[in-house]
Amino acid sequence: DGEDCEASDDFAISFNPQCVVSLELDCVYLETGESCRDIPPVELVECDCVVPNDPTGDLSRPKQLQFGYTGGKCPPQLDVGSGVISCDDRINGPLPDTVRVTASLAFATFFDGVVDKDDYFLLDRDESTNTTILNFVDFTIRDADDNDVLFQVFRLQTGCGAAGSTGILLDQPYASLAFFGFRCQDDVANFCLSDIRFDQKAINDGVTDIDITRSDLTFQGQTTNLLNGAVIPLNSGASIVSSATETIKVCGAASYTASGLVEANDTSAIGCSDVATYTFETQERASNPPSQQPSEQPSNSPTETCDIDIALECEGCNVTTNDIPPCLDRPTMFGMLFFGGNCSNTFSLQLPNQTNCTDFFENGAIPEPGSNETSYIMAVIGLGLWTEGNATLFEGNVRQSTVYYIYRNGNRLPSDTIVYTFPEVAENDIPQPGFFPDPQLYPPLQIVEFHASCSQPIVLFNQFGAHQIIQFENAAQGNVTILEATELNYDISVPITFPTGEDTIRVSSAQLITNYTVPRLVTIPISGTLLCSEEVAADPATECNTSEIAVSFGVTLNLAVPQTYSTTLFVVGRTLNSGQLCTGLEEDEFCAPTNDPICEEINQNLG
């Protein structure tokens, strides 16, 4: 309406909407697949892959070992037991920042490559020989370009698979390397240096198509261009995820922050952008005392702790050897523990003229208890009824503290058995079945003879020199063993004191780590369970109805040798309202059999 407006006029109206892009930033801990905000603290600071009742020791060898190159010199004092047991610096002054590291033992190579200072690398199985990592590893540090130039050589005893010994420790230096983690054959793993993945998601929230021209991730001061110079078209409502993998150290408390930036162009020529940040923390071991260093947390972080209460109780741990029955019928099989030690260890209820033990000290020492050394053992029929070339009851190399079996194809064993113990026989010197090893190279260390019929009592734990009966089988009693079944009970309760404004937590994960189960890492299926205060649990109108979770765990204990059984239970959760992280850690130890003098002392000290 008006003098400048006619009914027949046309009006052209154009719209050129500006783009709208939003950015989301997330982080995944690749070891578990969980959020980076739920990274559990490293609990096993010692390399420990020992599997109980592992006769060959193969299952107790680590699958992977993680080291970092530090450039350090040989230690002033060599270690006794696990650690650097020999070391030689071949140059004066510091080692170069870039070197070639070779980790091997005899014919097997577990790692060979060029590394820079502060880089980390993994020792792994030698695929060419199918050899897993052994207890000893020889490290050679060379010039990166010239293998003939040596900087340092040293031998490391890891102790990871040796029962009764302490393994090398996480985050500790060993000559020019530092030890940062391990993975066992059953995939129990503890790594100080672990990978995380940032996922940066750009979303086109506008009504027009756009081109993503920039996508940057900045972590610990280093910026990565996630597009590598490319331009990515993005339709309205669509999204694209760009990822980057980073390495962090999880062996102690630290704060990490990442920031993302995305930019886009559209037909408006104005463009758009967005930013996002992601912050998370790693924790100290829950069993460690609190750090005295000033907190690096932001001022708005929670100041109240949220500690989940855990009680470990063992019912049936008072396991003794008093109720084990004697053998009542001629056995068809003996399970023999290579206990180790000389004839003074003999203990049995048989008459003196029915047993005999002779040590040949002039030929060398028999492996002592706890040594994990190996001997060649032959078991044959006694009373002069066996001659070389005939079938034996057992023959082969046996590691101290492991079990071998005297067997006669299911038939009853002879009334008398002789057991010969020789030094460990090299693979190329193993004799033909039924023959002794070369006496010039492998003279006998010990010969024992005992009665195996019912005329003399046979009781589990009877010992003849270095050999102990821990199992038998016969027609009357079946299989009788020193293994004892028991049950462990665990109670997981709400925090002793909830943070202000909270009364409920949601369990994220619960895991057991033991030294007596296979696998050693056991996941308890209670993820997602709500735990709340007794008042909330009593209210039928609330979603949460429990303030405690009871978990039972059946195990079988080997009573052949006094052993300490350790259990660690680790639980992670978050408060329902604020999402504050809550953790709980409890460790329990006991020694069995409890009537053994060694265990009596250990259990008394454990309280």
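The rules behind each value
- Residues numbered from 1 in each chain as written.
- Predicted model: local features only at pLDDT ≥ 70, side-chain atom pairs only at ≥ 80, totals over all residues.
- Heavy atoms only, no water.
- Helix = DSSP H or I, 4+ residues; strand = E, 2+ residues; numbered from the N terminus.
- Buried < 20%, exposed > 50% of the residue type's maximum accessible area, 1.4 Å probe, protein only.
- Areas by Shrake-Rupley, 256 points an atom, 1.4 Å probe, with all protein chains shown as cover.
- Polar contact = N/O pair within 3.5 Å; in protein donor to acceptor, adjacent residues only side chain to side chain.
- Pairing = 2+ DSSP bridges.
- Axes fitted to C-alpha atoms, helices over the stretch in contact; angles between N-to-C directions.
- Core = buried A, V, L, I, M, F, W, Y, C linked by side-chain atoms within 4.5 Å.
- Contact = heavy atoms within 4.5 Å.
- pLDDT = per-residue confidence, 0-100.
- Disulfide = S-S within 2.5 Å.
- Salt bridge = Lys/Arg side-chain N within 4 Å of Asp/Glu carboxyl O.
- Patch = residues over 30% accessible without salt bridge, like charges linked within 9 Å, V, L, I, M, F, W, Y side chains within 5 Å.
- Lys, Arg positive; Asp, Glu negative; His and termini not counted.
- Charge placed at Lys NZ, Arg CZ, Asp CG, Glu CD.
- Phe/Tyr/Trp six-rings, centres within 6.5 Å; stacked < 30°, edge-to-face > 60°.

Caption draft 1: Fine view of the overall build of the protein. Helices and strands together make up the secondary structure of the protein, namely two helices and 37 strands. In the protein, buried positions account for 45% of the 607 residues. Working note: accessible area of the protein is about 29800 Å², and carbon and sulfur atoms make up 47% of it.

Caption draft 2: Structural context of the side chain of Arg399. Along the chain, the position of Arg399 falls in strand 24 (residues 394–399). A distance of 3.1 Å separates the side chain of Arg399 from the side chain of Asn372, its partner in a polar contact.

Caption draft 3: Representation of helix 2 (residues 597–606) within the structure. Its side-chain oxygen 2.8 Å from the backbone nitrogen of Ile598, Asp596 forms the N-cap of helix 2. Immediately downstream of helix 2, the backbone of Gly607 shows phi near 80 degrees, a positive value.

Caption draft 4: Here's a closer look at the sheet that holds strand 23 (residues 374–381). Taken in spatial order, the five strands line up as 22-27-26-23-24 in an open sheet, and their pairing is antiparallel. Each having just a single partner strand, strand 22 (356–359) and strand 24 make up the two edges of the open sheet. Strand-to-strand, the axes of this sheet are offset by a mean angle of 15 degrees, without reference to chain direction.

Caption draft 5: Region of the structure containing the nonpolar core. By size, the foremost hydrophobic cluster in this structure holds 71 residues, and its most contacted members are Phe334, Tyr404, Ile406, Tyr490 and Leu569. For this core, the element with the most residues is strand 23, which contributes six residues. When near neighbours in sequence (up to four residues on either side) are disregarded, Ile406 contacts Thr332, Met333, Phe334, Met336, Ala379, Leu393, Leu413, Thr417 and Val419. Counting residues in each nonpolar core, the second largest holds 68 residues, with Val99, Ile141, Leu170 and Leu177 among its members.

Caption draft 6: Structural context of the confidence of the model for the protein. For the protein, the mean per-residue pLDDT works out to 83, and 89% of the residues sit at or above 70. Ignoring residues within four places in sequence, the model shows residues 286–302, a span with pLDDT below 50, making 10 contacts including any to other chains.

Caption draft 7: Quick peek at the state of the cysteines. According to the stated counting rule, one finds 10 disulfides in the structure shown. One disulfide in the model links Cys19 with Cys272; its S-S distance is 2.0 Å. Its S-S torsion of approximately -125 degrees makes the covalent link between Cys19 and Cys272 left-handed. Taken together, the residues span a long stretch of sequence, with Cys19 in the segment before strand 1 (21–29) and Cys272 in strand 19 (residues 272–282) at a distance of 253 residues. Both residues of the pair, Cys19 and Cys272, belong to the buried class.

Caption draft 8: Region of interest: the pattern of salt bridges. Taken as a whole and assessed by the stated rule, the structure comprises 11 salt bridges. Ionic pairing is found between Asp187 and Lys63, a salt bridge with its closest N-O pair at 2.9 Å. With a gap of 124 residues between them, Asp187 in the loop between strand 11 (177–183) and strand 12 (189–191) and Lys63 in the loop between strand 2 (34–35) and strand 3 (64–69) connect regions that are remote in the sequence. On the basis of relative accessibility, which here comes to 27%, the residue Lys63 falls in the partly exposed class. Put simply, Arg90 and Asp88 hold a salt bridge, and the shortest N to O gap is 2.6 Å. By relative accessible area, Asp88 is classed as partly exposed at 34%.

Caption draft 9: Molecular detail of a negative patch on the surface. On the surface, Asp309, Asp503, Glu534, Glu535, Glu548 and Glu586 cluster together into a patch of negative charge. Relative to the assigned elements, Asp309 resides in strand 20 (residues 308–315).

Caption draft 10: Quick peek at unusual backbone geometry. Pro593 follows Ala592 through a cis peptide bond whose omega is 5 degrees. Secondary-structure assignment places Pro593 in the loop between strand 37 (581–592) and helix 2. Positive phi, normally seen in glycine, also occurs at Ser401, with a value near 85 degrees. If you trace the backbone, Ser401 turns up in the loop between strand 24 and strand 25 (403–407). Judged by its relative accessible area of 31%, Ser401 is partly exposed. Even without being a glycine, Phe461 presents a positive backbone phi close to 80 degrees. Within the secondary structure, Phe461 sits in the loop between strand 27 (446–451) and strand 28 (463–464).

Caption draft 11: Structural detail: the packing of aromatic side chains. In total, this model carries 19 aromatic pairs according to the counting rule given. Taking 5.2 Å as the distance between ring centres and 20 degrees as the angle between the ring planes, the aromatic pair formed by Tyr256 and Phe280 counts as stacked. In this pair, Tyr256 is assigned in strand 18 (residues 254–265) and Phe280 in strand 19, connecting sequence segments 24 residues apart. Overall, the relative accessible area of 8% leaves Tyr256 in the buried class. Taking 4.5 Å as the distance between ring centres and 10 degrees as the angle between the ring planes, the aromatic pair formed by Phe450 and Phe464 counts as stacked. A residue pair is termed long-range when its members are at least 10 positions apart, and Phe450 in strand 27 and Phe464 in strand 28 qualify at 14 residues. Every member of this aromatic cluster is reached through a ring pair, and the members are Phe67, Phe111, Phe121, Phe139, Phe154 and Phe179.

Caption draft 12: Just the sheet that holds strand 17 (residues 239–249), in detail. Here four strands make up an open sheet; going across it, the order is 2-1-13-17 and the pairing antiparallel. With partners counted over all chains shown, the strands left at the sheet margins are strand 2 and strand 17, one partner each. In terms of strand pairing, strand 1 meets strand 2 through two bridges, oriented antiparallel. Looking across to strand 2, one finds that Val28 is bridged to Ser35.

Caption draft 13: Layout of the pairing of strand 36 (residues 563–575). Here strand 32 (residues 504–514) runs beside strand 36; their pairing, made up of nine bridges, is antiparallel. Across the sheet, residue Val507 finds its bridge partner in strand 36, namely Gly573. One ladder, built from 12 bridges, connects strand 36 with strand 37; its direction is antiparallel. Each bridged residue has a counterpart across the sheet, and for Arg574 the counterpart in strand 37 is Leu581. Here strand 36 folds back onto strand 37, and the loop between the two strands holds five residues, one of which, Gly579, carries a positive phi near 75 degrees.

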